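# A closer look at the structure
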Amino acid sequence: MARKAAYRKKRQNRTGMLLVTTVVLMMLVVVTIKSIELQGKKEAYELREAALQEEIDREMERTAEIEEYGKYTQTKKYVEEVAKDKLGLVYEGEIIFKDEK
């Protein structure tokens, strides 16, 4: 009788260890798969971040150019250019030569 009980107990221990090992292996597989998915997402986010940073830099340069143009439009030189080019105005005594086409 003692021998049967010892055999049953040993068999239950093996079964329990097999079940625990199976569960641990399944968890390991799930964690590995999720880790790979997260690594892929991380790389995609890093690429997106780099693209957005590049876009921010371009927009900052564009903002600087617009500010410079705004300052330029407040100068006397700009006013003169617009008056000559668009309105056809000239200074008194100034002679304009035009090409014949």
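Up top you'll find the structure we're talking about.
Residues numbered from 1 in each chain as written. Predicted model: local features only at pLDDT ≥ 70, side-chain atom pairs only at ≥ 80, totals over all residues. Heavy atoms only, no water.

### Points about the overall build of the protein chain
When helices and strands are tallied, the protein chain shows two helices and zero strands. For 101 residues, the compact-globule formula gives about 13 Å, and the C-alpha radius of gyration of the protein chain, at 40 Å, lies well above that figure. Each of the three principal axes of the protein chain carries a C-alpha extent, and together these read 130 × 30 × 15 Å. Burial status across the protein chain gives 1% buried among its 101 residues. Put simply, the protein chain shows about 10400 Å² of open surface, and 60% of that area lies on carbon and sulfur atoms. (Helix = DSSP H or I, 4+ residues; strand = E, 2+ residues; numbered from the N terminus. Rg over C-alpha atoms; globule rule 2.2 N^0.38 Å. Buried < 20%, exposed > 50% of the residue type's maximum accessible area, 1.4 Å probe, protein only. Areas by Shrake-Rupley, 256 points an atom, 1.4 Å probe, with all protein chains shown as cover.)

### Details of the packing of aromatic side chains
Evaluation of the coordinates by the stated rule reveals three aromatic pairs. Ring geometry for Y69 and Y78: centres 6.2 Å apart, planes at 80 degrees, overall edge-to-face. With a relative accessible area of 48%, Y69 lands in the partly exposed category. Measuring from ring centre to ring centre gives 5.4 Å for Y72 and Y78, while their planes differ by 70 degrees; the resulting arrangement is edge-to-face. Taking the relative accessible area as the measure of exposure, Y72 reaches 28% and is therefore partly exposed. Following the ring pairs from residue to residue traces out a cluster consisting of Y69, Y72 and Y78. (Phe/Tyr/Trp six-rings, centres within 6.5 Å; stacked < 30°, edge-to-face > 60°.)

### Thoughts on the pattern of salt bridges
One pass over the structure, following the stated rule, counts four salt bridges. In this structure, the salt-bridge partner of K34 is E37, at a minimum N-O distance of 3.6 Å. Of the two residues, K34 and E37 are both situated in helix 1 (residues 2-72); the distance of three residues between them amounts to about one turn of the helix. Relative accessible area serves as the criterion here: at 48%, K34 is assigned to the partly exposed category. (Salt bridge = Lys/Arg side-chain N within 4 Å of Asp/Glu carboxyl O.)

### Structural notes on a negative patch on the surface
Judged by side-chain charge, D57, E61, E65, E67 and E68 come together as a negatively charged surface patch. Along the polypeptide, E61 turns up in helix 1. Using a relative accessible area of 52% as the deciding quantity, one classes E61 as exposed. (Patch = residues over 30% accessible without salt bridge, like charges linked within 9 Å, V, L, I, M, F, W, Y side chains within 5 Å. Lys, Arg positive; Asp, Glu negative; His and termini not counted. Charge placed at Lys NZ, Arg CZ, Asp CG, Glu CD.)

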